[in-house]
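Understanding the architecture of this molecule
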Amino acid sequence: LVNAHIQERHRGVLCCERTPDKGRILRATRAFEPGDVIFTEQALRIVRCEPGHPAFQRLEELCRSSDLDCIPLWYWCALKSLTSDDLGRDHATGVASDCAASDGWEPVSPEVQQRLLILHQGDVEVASEAVAVVAAAFAPGLKEAVKL
């Protein structure tokens, strides 16, 4: 996916490779001169703490009251990488219900989610207990908590 994206948007000036000592790297496919702009790319998703957002406030409280592994911003980034299908109909329409995520946030498109997931550190097969707690509280319709 990374190489297809680079080929499509940046004329293949780089390629993504894996190395044993560094993991995933970008390698130039041609020579560049000092000062050349190799490529520019828009941010996929910008996420920050949102103290006034009802869902973020609930997440902060959940992190304080539970023994979760990470700080609220980490889970907030994960939650904001979910699609409307991941979050379910109530979240997408904003219709209040028993769903904990009815005071939600703007979901990402499937294409953005796919690109975010390829930036992930590696394959995860089982969600941690902390991620399962966050998923249950904020995205109860999520079929694969491992997406967080």
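Preceding this section is the structure that the text describes.
Now for a description of the structure that goes with this document. A quick note: this is a predicted structure, and the numbers were derived from the prediction, not measured.

Quick word on unusual backbone geometry
The bulk of non-glycine residues show a negative phi, and the bulk of peptide bonds are trans. With phi around 55 degrees, Arg 11 is a residue other than glycine that occupies positive phi space. Examined against the element boundaries, Arg 11 turns out to sit in the loop between helix H1 (2-10) and strand S1 (14-19). Residue classification places Arg 11 among the exposed residues on the basis of a relative accessible area of 67%.

Examining the side chain of His 10
Note on placement: His 10 falls in helix H1. In contact with His 10, other than residues within four places in its own chain, are His 5, Phe 39, Thr 40 and Glu 41.

Considering the pairing of strand S2 (residues 23-28)
As defined by bridge partners, S1 adjoins S2 across six bridges and the pair is classed as antiparallel. The residue of S2 that forms the bridge with Leu 14 is Ala 28. Taking the residues between adjacent antiparallel strands as the criterion, S1 and S2 are bridged by three residues.

Details of the pattern of salt bridges
Applying the stated criterion across every chain yields a total of four salt bridges. Arg 27 is paired through a salt bridge with Glu 17; the nearest N and O atoms lie 2.7 Å apart. With Arg 27 in strand S2 and Glu 17 in strand S1, this residue pair connects regions lying ten residues apart in the sequence. With a shortest N-O distance of 2.9 Å, Glu 41 and Arg 115 are connected by a salt bridge. With Glu 41 in the loop between S2 and helix H2 (54-65) and Arg 115 in helix H6 (residues 110-118), this residue pair connects regions lying 74 residues apart in the sequence.

Notes on a nonpolar patch on the surface
Where nonpolar side chains cluster on the molecular surface, the patch consists of Leu 26, Ile 38 and Phe 39 and spans about 250 Å² of accessible area. Relative to the helices and strands, Leu 26 resides in strand S2. Overall, the relative accessible area of 46% leaves Leu 26 in the partly exposed class.

Focus on the nonpolar core
Leu 59, Tyr 75, Leu 79, Val 134 and Phe 138 are the most contacted members of the largest nonpolar core, which totals 19 residues. Where this core is concerned, the elements lending two or more residues are H2, helix H3 (72-79) and helix H7 (129-138). Ignoring anything within four residues of it in the chain, the contact list for Leu 59 reads Pro 72, Tyr 75, Trp 76, Leu 79, Val 134 and Phe 138.

Here we look at the packing of aromatic side chains
In total, this model carries two aromatic pairs according to the counting rule given. Aromatic pair Phe 56 and Trp 76: ring centres 5.3 Å apart, planes at 70 degrees, arrangement edge-to-face. Separated by 20 residues along the polypeptide, Phe 56 in helix H2 and Trp 76 in helix H3 bring together distant segments of the chain. Like Trp 76, Phe 56 is buried. Seen from their ring centres, Trp 76 and Trp 105 are 5.4 Å apart, and the 65 degrees between their planes marks the pair as edge-to-face.

Parameters and conventions
Residues numbered from 1 in each chain as written. Predicted model: local features only at pLDDT ≥ 70, side-chain atom pairs only at ≥ 80, totals over all residues. Heavy atoms only, no water. Helix = DSSP H or I, 4+ residues; strand = E, 2+ residues; numbered from the N terminus. Buried < 20%, exposed > 50% of the residue type's maximum accessible area, 1.4 Å probe, protein only. Contact = heavy atoms within 4.5 Å. Pairing = 2+ DSSP bridges. Salt bridge = Lys/Arg side-chain N within 4 Å of Asp/Glu carboxyl O. Patch = residues over 30% accessible without salt bridge, like charges linked within 9 Å, V, L, I, M, F, W, Y side chains within 5 Å. Areas by Shrake-Rupley, 256 points an atom, 1.4 Å probe, with all protein chains shown as cover. Core = buried A, V, L, I, M, F, W, Y, C linked by side-chain atoms within 4.5 Å. Phe/Tyr/Trp six-rings, centres within 6.5 Å; stacked < 30°, edge-to-face > 60°.

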